[in-house]
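What follows is each chain in one-letter form.
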Amino acid sequence: MALKTERMVLNMGPQHPSTHGVLRLELEIEGELVTKVTPHIGYLHRCFEKHCEAMMYNQVVPYTDRMDYLASMYNNWGYALAVEKLCGIQVPERVEYIRVIMGELQRIASHAVAVGTFGLDIGAWTPFLYLFRDRERILTLFEMTCGARLLYNYIWVGGLSHDIHPDFVRMTREFLESFKPTVTEVNNLLSYNKIFIERTANIGVLPLDTAINYGCTGPTLRGSGLAYDLRRDDTYSIYNKFDFNVITGQGLQGTLGDTWDRYYVRVQEMLESVKIIEQALDQLPAEGDVQSAIPKRIKPPKGHVYTRVENPRGELGYFIISDGNTNPFRVKVRPPSFVHLEIMDDLTRGHLISDIMAILGSIDIVLGEVDR
Amino acid sequence: MKTREEIFEILKAQFPDAVLGIDASLPTEPLISIDPLKIKDICVFLRDSEELKFDSLMLLSGVDDANGTKTKDEQGHDVITGGTLSVYYHLDSVYLKHRVTLKVSAPRENPDVESVSYVWRSADWHEREAFDLLGINFLNHPNLIRILMPYDWEGYPLRKDYKNPEFYLGMKVN
Amino acid sequence: MGLLDKEFSEGNIVIAKVDDLFNWARLSSVWQLGFGLACCAIEMMATSAAHYDFDRFGVIPRNTPRQADAIIISGTVTLKMATRIKRLYEQMPDPKYIISMGSCANSGGPYWEHGYHVLKGVDRVIPVDVYVPGCPPRPEALFEGLLKLQEKIRNESMRKKTV
Amino acid sequence: MYEFLNELLGNQILAMLLTAAVPLVFILLFTLFAVWLERKVSAHMQDRLGPMRVGWHGSLQLIADFLKILQKEAPVSLEADKPLYNFAPVLVFAGSFAAFAAIPFSSKLIGSEIELGLFYILAVSSFMVIGILMAGWSSNNKYSLLGAMRSAAQIVSYEIPTALVVLGMIMLTGTLSLTKISEMQTSSFWNWYILGGPGLSLSKFLLIPFMIIGFIIIYISTLAEVNRTPFDIPEAESELVAGYFTEYPGIKYAMFMLTEYANMFAVSAIVSILFFGGYQSPVGYLGNMLGIHWMIPFEQAFWFISKGLFFVFVQIWLRWTLPRLRVDQLMALCWKYLIPYAFLNLIIIGIISLL
Amino acid sequence: MLMLTEFGKVFIFILLGAIFVTIAIIAAKLVSPNRPTHEKLLTYECGENPVGSPWVKFNIRFYVVALIFLIFDVEVVLLFPWALVYKGFGIFGFLTGIIFLVILGLGMAYEWRKGDLEWARPHPIPPELDKVLSKKE
């Protein structure tokens, strides 16, 4: 009986309040139902790989910051691990612990933004500002150690740029204590809010086998029920010294792998990171020079290496080919957001326009990383 | 959990002509090089075989080997002719927790490589990016168009002998 | 041809008073276009969040260029994005201002040397009023940029410049 | 008010224009205050400070906003349908301002002593739907069209639960005129309809639960009629950029904002008249005690405005805490939950009122 | 002497509302600058050139909702006079109204059953692996 309506092509273009930056979604809609979504990217392509070929190994570190600007500590760490594996540098114990602390603090900050903007897309303004208030406290911690709020250039190849501030440990413990009630606050405001559940349960269901085939990793894959976490399965640095459990979606509010699961995995992961930081702070060795293992000139042998790190968004991989001189021959990055954006077309079949925003918010992409 | 050498043996047994050899001399990760036009069948085998089960493609990266002959054109930019463009495939098995790296090289003039986007869906955009930045042509890819650069951009920026255009749509580039 | 288009003689006292009133109104309610490009957008969000509050100066994000009077170009402007920014700037109603935030928008920033796809500075496409240095500039720097813009609006005048 | 001016000026049209000007001036002042209130309340709810710099605690912020909007250019896009595009704000504001004709601010100050006040208000509120559709369709923009269609469907379907609850109230009060309804709930809050209306009969106590249900239904449906969260789907910033006024710059956008806030007050005024005794003070008048009788209308106006403001505050409060519903959930809520409940409520009130 | 009826007053209210808005728009036009350029007059579509026109045939659902609204609004209009005076006729007056309501309730149940009250609900189709892989662009 329904009369065929004409297809309308709607551009959720580069300037849109909830496309998390400069992403253009070309929707083909019929009334309210979306039949086809084609993401257009490249509006923030800043030629990262061309820069790597023209610069020395340690000059590339500030550029890795600017790729995933919400988790730049992890970008540095991934790159530093790759070059250390290439040159065979062994980093002192204290540096490993500080890197874990910084990485997990960065995960909390990045998840805070992800959960906050997800609430914003659904229409709840206030949790976004509460989470940003706590993120500011993490930024003051980072600012105390390396002087920058957002792009740190802190984890160098073979060590760190600065040692941590004397009362960094005390202030971090204070922050961790004050952060736990915030997560319960977000739970009351958002997670168990009837309208929020109505808007996100059973929406954008990603079955497990499709997720693996699409190469999804991190909270997007764990939301579909597989406990695959690089910190546990492909352990790098000293993550085997801490015990934390890997959160997976259980389909509490709807089918397994829907938007609510991916959101809830991120909220719980913040608490896991708090646990890791507490253990790391207890076992932090007091002495040790953080810059002892930083080589004067990095000239790795000919060869190639691929290392992967558990970025807050998923698996961040660095593939470096070196031909023996001081400039890397080729650096290729595997950004998790680039891979997650591909599933937008298949994931949004048969949804409404308001669900597109919910799904896009739940796979949590950062355009600096997608376009490199 | 299989090491790369065992995987190479299995592949060698399965596809004697397609698998060209293993390059284990490098300090870090041994590399299995494969004939560019047979890559798809090997990948289907890698994904579907019970003992290997490589169900996710971590990374597909195009590399300009720049091993051709370098000549200088009039403005002093060197132009590389001949040589190869190669594509590296990093595969990972989520359940069996082992990884393998494949390498495919194609001539620089008409670099044709079989597309694997019908084996792993994530290869679709990686191949479009390799085409966009390096000009590697993937045969029967769903829609091989530029992804990062503007759709009407000429030249392949990541090639070693790439020269920036002077103007783009009236805007000075550098 | 509205009142704002006309030029008045220098000594016109009434217009001077109206000038100050209109300028005060324009500078104390700058509505920014809610639109961020790259890392500076996160700092812009932090500026309008709880700790540093942009709303104290009357700046609220509006989503359509039709209702915005200032664009804060926060991030790297690539060539593909430049034509869109020019379109957005054109579509804003007339008394409009541009704050170019971050060294990427000022002059191409860290990408000026090898960035084949990066536009070396947004002022090649649209006229910029205030440049805010920094990569990314701190929220306080963005506030200083806004104060500079307010100062600039305060000195605008409808009277003929006789300099 | 009208009689007083009529003797003063003699000419009826002029007197009526002046009496109509009083609610208009009130709406303008109220909108300036309400937008400031919204920005400050939302700020303090979100740990922020809100406008501080422009006057003492941002008091002059809205005057600055209005003056700036006055200076904004108003480009009309080429493909827009010009006559409709320019007429839409006029129709939308005229529709919402007409509702103020029948609302009694105090016993003396009322636009027109129209007999069928409530019926008239329900009729006039669909003026706005035409204006919104006109705005959405004529600005030739996909977002505004989607926003207009959604908001038309929403306002139209939420008028029915409002009408049903109003019907229930009329069965109790027996009159349509708002002044008579307010007069019935005199002397103390004990006689308000939320507590079962005047008198001390058994039906008063039986009515209380159904009055509360009626209040909840009408409050939800009037929220939806005014497009406020959690039903602000037409101008859902995250999806449809700015809903049906995407293409409206400057002063025309200000007219839409003026209409929205005027509607917010009109709706809270109706709810406070029906359930919370309009301009009746809960505790009796100072004027009676001190014997100054000319002061009573002003006291009544004070009570009326404070009740209206309280409900506007609750609307603002809801906006900044609740997420947004989706379109089909919104329609399902109306057709499958509110209307059946309003039906049952109506029948039960009818039975009780017969006792 | 023309007597200003109640509805005359209401008309003046509507007139005043309309006059106020037109005065405000004309005042803004007098003050505000007017510098139209071609790009400024294009429709806004997030910075892109819009593809196709928005004036397309719209979904049938809106007309169905308009019809159902019409039925219920007419019902409410008819019930208003009844609600005012039914007390005078005692129990029988009340019953007549209830019969009217019940018949309309049946009408609503019919629509509910037929599914006219359904809005465009999302029917999510989760991506199956084989369909996804064999997708031709």
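Here, every reference points to the structure presented above.
Rules used in this analysis
Residues numbered from 1 in each chain as written. Chains lettered and ligands numbered in written order. Predicted model: local features only at pLDDT ≥ 70, side-chain atom pairs only at ≥ 80, totals over all residues. Heavy atoms only, no water. Helix = DSSP H or I, 4+ residues; strand = E, 2+ residues; numbered from the N terminus. Rg over C-alpha atoms; globule rule 2.2 N^0.38 Å. Buried < 20%, exposed > 50% of the residue type's maximum accessible area, 1.4 Å probe, protein only. Contact = heavy atoms within 4.5 Å. Areas by Shrake-Rupley, 256 points an atom, 1.4 Å probe, with all protein chains shown as cover. Lys, Arg positive; Asp, Glu negative; His and termini not counted. Charge placed at Lys NZ, Arg CZ, Asp CG, Glu CD. Buried area = accessible area lost by both parts, 1.4 Å probe. Salt bridge = Lys/Arg side-chain N within 4 Å of Asp/Glu carboxyl O. Polar contact = N/O pair within 3.5 Å; in protein donor to acceptor, adjacent residues only side chain to side chain. Nonpolar A, V, L, I, M, F, W, Y, C, P; charged D, E, K, R; others polar. Pairing = 2+ DSSP bridges. Axes fitted to C-alpha atoms, helices over the stretch in contact; angles between N-to-C directions. Phe/Tyr/Trp six-rings, centres within 6.5 Å; stacked < 30°, edge-to-face > 60°. Lys NZ or Arg CZ within 6 Å of the ring centre and 35° of its normal. Parallel < 35°, antiparallel > 145°, perpendicular 65-115°, else oblique. Left-handed = near helix turned anticlockwise from the far one by under 90°.

On to the overall build of chain D, then. Of regular secondary structure, chain D possesses 13 helices and zero strands. Listing each helix as α and each strand as β along chain D from the N terminus yields α-α-α-α-α-α-α-α-α-α-α-α-α. Taken over C-alpha atoms, the radius of gyration comes to 21 Å for chain D, in line with the 20 Å a tight globule of 355 residues would show. A buried classification covers 70% of the 355 residues belonging to chain D. For chain D, the proportion of contacts with a sequence separation of at least 24, taken over those separated by at least 6, is 73%. Summed over its atoms, the accessible surface of chain D is roughly 11000 Å², and 79% of this surface lies on carbon and sulfur atoms. Counting 19 positive and 21 negative side-chain charges, chain D places the centres of these two groups 7 Å from one another.

Residue Pro136(C) is bonded to the preceding Cys135(C) through a cis peptide linkage, with omega at -10°. Mapped onto the elements, Pro136(C) comes out in the loop between strand S5 (130–132) and helix H5 (139–155). Positive phi, close to 55°, is recorded for Cys47(A), a residue that is not glycine. Among the structural elements, Cys47(A) can be located in the loop between strand S3 (33–40) and helix H1 (48–54).

Looking now at the interface of chain E and chain D. Where interface size is quoted, it is often the accessible area lost as the parts come together. Contact with chain E, which involves 70 residues of that partner, is made by 80 residues of chain D. Carbon and sulfur atoms supply 79% of the area buried between chain E and chain D, which totals about 7000 Å² over both sides. On the chain E side of the contact with chain D, Phe13(E), Trp55(E) and Phe80(E) bury the most area, a combined 12% of that side's loss. Between chain E and chain D we count one salt bridge in total. Across the pair Glu73(D) and Lys40(E) runs a salt bridge, and its minimum N-O distance is 2.7 Å. Where chain E packs against chain D, one counts eight residue pairs in polar contact (both at pLDDT 80 or more). Counting only elements with at least two residues in the side of chain E that touches chain D, the list comes to helix H1 (6–31), helix H2 (60–85) and helix H3 (90–114) of chain E. No other element matches H1(E), which puts 17 residues into the side of chain E that touches chain D. In terms of residue class, the side of chain E that touches chain D is made up of 52 nonpolar, eight polar and 10 charged.

Further remarks concern the sheet that holds strand S1 (residues 8–12) of chain A. Residues and elements named next belong to chain A. Strand order in the open sheet made by the three strands is S1-S2-S3, with antiparallel pairing throughout. Edge positions in the sheet fall to S1 and S3, since each of these pairs with one other strand and no more. Each neighbouring strand pair of the sheet contributes to a mean axis angle of 25°, computed without reference to strand direction. With seven bridges connecting them, strand S2 (residues 24–30) and S3 associate as antiparallel partners. Its bridge partner being in S3, Leu 25 is matched across the sheet by Pro 39.

All told, the structure shown has 65 aromatic pairs over all chains when counted by the stated rule. These aromatic residues form a ring-pair network of at least three members: Phe26(D), Phe30(D), Phe93(D), Phe97(D), Phe100(D), Phe105(D), Phe265(D), Phe304(D), Phe13(E) and Phe20(E). Lying across the ring of Phe338(A), Arg372(A) places its NZ or CZ 5.1 Å from the centre. The ring of Trp190(D) carries the charged tip of Lys204(D) above its face, separated from the ring centre by 4.7 Å.

All names here are of chain D. Where helix H4 (residues 82–98) meets helix H10 (residues 250–276), the axes come as close as 9 Å, and the angle between the chain directions of the two elements is 20°. Overall, the two elements H4 and H10 adopt an arrangement that is roughly parallel. With respect to the hand of their crossing, H4 and H10 are arranged in left-handed fashion. Note on element contacts: H10 touches H4 through Lys 252, Met 255, Phe 256, Leu 258, Thr 259, Ala 262 and Asn 263, opposite Tyr 85, Asn 86, Pro 89, Val 92, Phe 93 and Ser 96. Class assignment of the residues belonging to the contact of H4 with H10 gives a composition of eight nonpolar, four polar and one charged.

Before going further, it helps to examine the interface of chain B and chain C. Across the contact, 16 residues belong to chain B and 11 residues belong to chain C. With both chains or domains summed, chain B and chain C bury close to 1000 Å², and 68% of this area falls on carbon and sulfur atoms. Across the chain B-chain C interface, the total number found is zero salt bridges. Grouping the amino acids of the side of chain B that touches chain C by side-chain chemistry returns 13 nonpolar, two polar and one charged.

Here Asn141(D) shows up in the loop between helix H6 (127–138) and helix H7 (142–173). Among the polar contacts listed, one links the side chain of Asn141(D) to the side chain of Glu247(D), at a separation of 2.9 Å. Other than its neighbours up to four places away in sequence, Asn141(D) contacts Thr246(D), Glu247(D), Tyr44(E) and Pro54(E).

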